Amino acid sequence: MSDLLVVILPVFIVMGFGYVAVWKGLFSHEGVDGLMRFTQTFAIPFLLFRAISQLDLAQNFDVALLATFYTGASVCFIGGILGARYLFKRDWEDCVAIGFCCLFSNTLLLGLPITERAYGTDALRYNYAIISIHSPFGYLLGITAMEIVRNTGQSARALPLKVIKAMFHNGLIIGITLGLIVNLTGLPLPGVFTDAVDLVARSALPAALFGLGGVLYRYRPEGDMRAILFVVAISLVIHPAIVWGLSGVAHLSVPELRSAILTSAMAPGVNAYVFANMYGRARRVAASAVLIATGVSILTVWGWLAILP
């Protein structure tokens, strides 16, 4: 148990630093906004660009791995929508936002550092394979569903343009797309350029974890507790359980299983709140679910690590 806590706790301690800094007035809400804008718009896209541009797609881009993870994510998205509608009587737009919370795991800020600390840097190649289509897949699914329910009864011709425009305003998707272009074309990059990108990329995870702590202080739990706990249960238990069940059918290797389970077992990321805020729907549920699930995941991630081979 102590070994597992050594793996998990440093990640949450860095988040705790950010939480306490904002709580005690040592770091302003404006500072948190600026830090998160830097990490979401520049540092993390740079990190994804470098990782995916160098990823051995032939070796690591395993269809079985991706199908296992994203089947689980899709089931959770649909389950979140239906649960919000029929258990909590929310309108359809709220339901899509809640479903997106169930879909969008914090693969970057929590999944990467925890996997790295548990299994080493080499284990991250399967995380990056999953992450390479995480934002495109998640936003494509979420935006498409939201635009469908918002435009019921209207012409469907404008829908594809709306979806594409919304997706390519997202820095994560831009970083992933550029990384794939460099990878697939073999475009040579000057060493001074890649060194500069690496300098920015190395700041991504610690800065984003600190900023996430500040964000979580701002959006403290309030109201809608049944819906919030529903999201927490799907994110931390149901998604990884589905992935575990499918992994046997897909014949995943042990390293693939570890990355798939840990990535699927992460709490909803800040992008869950970003999506809810973008449409002005279920923001309280999204923000509180991110906070509570992140705290509870200290225990659930420890549990998943304990049973993984």
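A brief report on the enclosed structure follows. Nothing here was measured: the structure is a model prediction, and the numbers come from that model.

As a further point, take the overall build of the protein. Looking only at helices and strands, the protein features 16 helices and 0 strands. Taking 19 Å as the expected radius of gyration for a compact globule of 309 residues, we find that the protein reaches 19 Å, a close match to that expectation. Summarising its shape, the C-alpha atoms of the protein cover approximately 50 × 50 × 45 Å along the three principal directions. Look at the contacts in the protein between residues 6 or more apart in sequence, and 85% of them connect residues 24 or more apart. Carbon together with sulfur atoms contributes 67% to the accessible area of the protein, which is approximately 13500 Å² in total. Counting 20 positive and 16 negative side-chain charges, the protein places the averaged centre of each group 9 Å from the other.

Time to look at the packing of aromatic side chains. One pass over the structure, following the stated rule, counts 13 aromatic pairs. Relative to Tyr217, the ring of Tyr19 lies with its centre 5.2 Å away and its plane at 85 degrees, an arrangement referred to as edge-to-face. Residue Tyr19 is located in helix H1 (residues 2-23), and its partner Tyr217 is located in helix H12 (residues 204-218); the two are separated by 198 residues in the primary sequence. Classification of Tyr19 by relative accessible area gives partly exposed; the value is 27%. Between Phe100 and Phe104, the ring centres sit 5.2 Å apart and the planes meet at 20 degrees, which makes this aromatic pair stacked. On the basis of relative accessibility, which here comes to 0%, the residue Phe100 falls in the buried class. Among the aromatic side chains, those forming a connected cluster through ring pairs are Phe100, Phe104, Tyr139, Phe275 and Tyr279. The ring of Trp23 carries the charged tip of Lys24 above its face, separated from the ring centre by 4.1 Å.

Enumeration according to the criterion identifies 8 salt bridges in this entry. Between Asp91 and Arg281 there is a salt bridge, and its shortest N-O distance comes to 2.3 Å. Taken as a pair, Asp91 in the loop between helix H4 (63-86) and helix H5 (92-103) and Arg281 in the loop between helix H15 (270-279) and helix H16 (283-307) lie far apart in primary sequence, 190 residues in all. Exposure remark for Asp91: the relative accessible area of 35% places this residue in the partly exposed category. The partner of Arg281 in a salt bridge is Asp94, and the shortest N-O contact between them spans 3.1 Å. With Arg281 in the loop between H15 and H16 and Asp94 in helix H5, this residue pair connects regions lying 187 residues apart in the sequence. By relative accessible area, Asp94 is classed as buried at 10%.

Over its 26 residues, helix H13 (residues 225-250) runs 36 Å from end to end, which matches the ideal 38 Å to within 8%, given 1.5 Å per residue. Of all the bends in H13, the greatest, near 35 degrees, is centred on Ile234. For H13, the secondary structure elements touched by its buried residues are H4, H5, helix H14 (254-264) and H16. Note on H13: the residue one or two positions beyond its end, His251, has a positive phi of about 55 degrees.

Let's shift gears to unusual backbone geometry. Backbone geometry at Lys89 places phi at a positive 55 degrees, although glycine is not the residue there. By the element assignment, Lys89 lies in the loop between H4 and H5. Backbone geometry at Ala282 places phi at a positive 50 degrees, although glycine is not the residue there.

Another aspect to go through is the nonpolar core. If you look at the biggest cluster of nonpolar residues, it comprises 98 residues, and the most contacted ones within it are Ile44, Leu48, Leu108, Leu109, Leu112, Tyr139 and Phe275. The dominant element in this core, judged by the number of residues it contributes, is H16, at 11 residues.

In this section: H12. The terminal C-alpha atoms of H12 lie 21 Å apart, and with 15 residues this matches the ideal 21 Å at 1.5 Å per residue to within 8%. Among the 15 residues that make up H12, 12 are buried, leaving the element largely enclosed by the rest of the structure. Of the positions making up H12, those classed as buried are Ala204, Leu205, Ala207, Ala208, Leu209, Gly211, Leu212, Gly213, Gly214, Val215, Leu216 and Tyr217.

With their axes 7 Å apart at the nearest point, H4 and H5 run at an angle of 145 degrees to one another. The handedness of the crossing between H4 and H5 is right-handed. Mapping the contact onto sequence places Ala73, Cys76, Phe77, Gly80, Ile81, Ala84, Arg85 and Tyr86 in H4 and Trp92, Cys95, Val96, Ile98, Gly99, Phe100, Cys102 and Leu103 in H5. Grouping the constituent residues of the contact of H4 with H5 by class yields 13 nonpolar, 2 polar and 1 charged.

Taken together, the side chains of Ile164, Phe168, Ile174, Leu178 and Ile181 present a nonpolar region at the surface, about 440 Å² in accessible area. Ranked by residue count, the leading element in the nonpolar patch is helix H10 (residues 171-185), at 3 residues. Considering the arrangement of structural elements, one finds Ile174 in helix H10.

Right, let's get into the state of the cysteines. Two cysteines joined by a covalent bond between their sulfur atoms form a disulfide. Summed over all chains, the structure comprises 0 disulfides. With no disulfide of its own, Cys95 lies 11 Å from the sulfur of Cys102, the closest cysteine sulfur. Counting only cysteine sulfurs, Cys101 is the nearest neighbor of Cys102, a cysteine outside any disulfide, at a range of 6.6 Å.

Scoring rules and cut-offs
Residues numbered from 1 in each chain as written. Predicted model: local features only at pLDDT ≥ 70, side-chain atom pairs only at ≥ 80, totals over all residues. Heavy atoms only, no water. Helix = DSSP H or I, 4+ residues; strand = E, 2+ residues; numbered from the N terminus. Rg over C-alpha atoms; globule rule 2.2 N^0.38 Å. Contact = heavy atoms within 4.5 Å. Areas by Shrake-Rupley, 256 points an atom, 1.4 Å probe, with all protein chains shown as cover. Lys, Arg positive; Asp, Glu negative; His and termini not counted. Charge placed at Lys NZ, Arg CZ, Asp CG, Glu CD. Phe/Tyr/Trp six-rings, centres within 6.5 Å; stacked < 30°, edge-to-face > 60°. Buried < 20%, exposed > 50% of the residue type's maximum accessible area, 1.4 Å probe, protein only. Lys NZ or Arg CZ within 6 Å of the ring centre and 35° of its normal. Salt bridge = Lys/Arg side-chain N within 4 Å of Asp/Glu carboxyl O. Expected span 1.5 Å × (residues − 1). Bend = angle between axes of the 7 residues up to and from the residue. Core = buried A, V, L, I, M, F, W, Y, C linked by side-chain atoms within 4.5 Å. Axes fitted to C-alpha atoms, helices over the stretch in contact; angles between N-to-C directions. Left-handed = near helix turned anticlockwise from the far one by under 90°. Nonpolar A, V, L, I, M, F, W, Y, C, P; charged D, E, K, R; others polar. Patch = residues over 30% accessible without salt bridge, like charges linked within 9 Å, V, L, I, M, F, W, Y side chains within 5 Å. Disulfide = S-S within 2.5 Å.

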